[in-house]
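Tertiary structure, described
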Amino acid sequence: MFDKDRHIYDVTVDPQDPNVLYAAGFESSAWRSADRGLHWTRISGFNFKWGQRVIPDPLHHDEIYITTFGGSVWHGAINGQQRPVDIATPALEPGR
């Protein structure tokens with residue numbers, strides 16, 4: 001289903017909206033789908049390799065937590081908040 005990020009560890013269903021899915025991968029990326037997986041967009045700002053699981057923030061519906069293998073937890077917005085790309089695989093940069 002992804003042509004650039006081939007190693008997805010986990011897919012999460014948003015408990016508040018079953019049409020929204022999240023996927024965490026090993027190539028410095030996390031993804032969001034608003035249509036049960038038909039189309040995916042990369043979540044800007046998450047740049048750590050080895051994402052493990054996406055957890056929707058229970059207090060702020062437009063934010064998520066992403067657990068990682070050995071890198072702690074990332075917390076950020078799902079709305080494409082622009083942050084500098086640091087370690088992200090260049091082919092996965094938003095807009096490419």
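Below is a short write-up of the structure. Just so you know, these numbers come straight off a predicted model, no measurement behind them.

1. Brief notes about unusual backbone geometry
- A positive phi angle is found at Arg36, which is not glycine, with a value near 60°.
- As for its position among the elements, Arg36 is in the loop between β3 (30–33) and β4 (41–42).
- Note on Arg36: relative accessible area 51%, which makes it exposed.

2. Topic: the sheet that holds strand β6 (residues 63–68)
- Strand order in the open sheet formed by 3 strands is β5-β6-β7, with antiparallel pairing between adjacent strands. In this open sheet, the two strands that pair with only one neighbour each are β5 (51–56) and β7 (73–77). Taking each pair of neighbouring strands and ignoring which way they run, the sheet shows an average axis angle of 25°.
- Pairing of β5 with β6, which is carried by 5 bridges, proceeds in the antiparallel orientation. Looking at the pairing, Pro56 lines up with Ile64 of β6.

3. Topic: the pattern of salt bridges
- This structure, assessed with the given rule, holds 1 salt bridge.
- Measuring nitrogen to oxygen at the nearest pair gives 3.4 Å for the salt bridge that ties Asp10 to Arg53. Taken as a pair, Asp10 in strand β1 (residues 8–13) and Arg53 in strand β5 lie far apart in primary sequence, 43 residues in all.
- Residue class for Arg53 comes out partly exposed when judged on its relative accessible area of 33%.

4. So, the environment of Phe26
- Inspection of the secondary structure assignment puts Phe26 in the loop between β2 (21–25) and β3.
- Considered as a pair, Phe26 and His7 are 19 residues apart in the sequence and their alpha carbons are 5.6 Å apart.

5. A closer look at the pairing of β2
- Most of β2 is tucked away, with 5 of its 5 residues classed as buried.
- Of the two faces of β2, the one carrying Leu21, Ala23 and Gly25 and the one carrying Tyr22 and Ala24 are both buried.
- Bridging between β1 and β2 involves 5 bridges; their strand directions are antiparallel. Counted as the bridge partner of Val13 is Leu21 from β2.
- Looking at chain direction, β2 and β3 are connected through 4 bridges and run antiparallel. Along β3, the bridge assignment pairs Leu21 with Ser33.
- If you look at the hairpin formed by β2 and β3, you'll find 4 residues sitting between the two strands, and Ser28 has a positive phi there, around 60°.

Each value, and the rule that gives it
All residue numbers refer to position in the chain's written sequence, counted from 1. In keeping with the model being predicted, local features are shown solely for residues with a pLDDT of at least 70 and side-chain atom pairs are shown and tallied solely at 80 or more, while totals for entire chains, interfaces and linings include all residues. The basis for every side-chain value is the complete set of non-hydrogen atoms in the structure, without hydrogens or water. Helix and strand assignments come from DSSP, with helices taken as H or I runs of at least 4 residues and strands as E runs of at least 2, each series counted from the N terminus. The rule is simple: take the accessible area with a 1.4 Å probe, protein chains only, and divide by the maximum for that residue type; under 20% is buried, over 50% is exposed, in between is partly exposed. Strand pairing is assigned whenever DSSP identifies at least 2 bridges connecting the two strands. Angles run from 0 to 180 degrees between N-to-C directions of axes, and those axes are lines fitted to C-alpha atoms, restricted for helices to the stretch in contact. Definition used for salt bridges: Asp or Glu carboxyl oxygen within 4 Å of a side-chain nitrogen of Lys or Arg.

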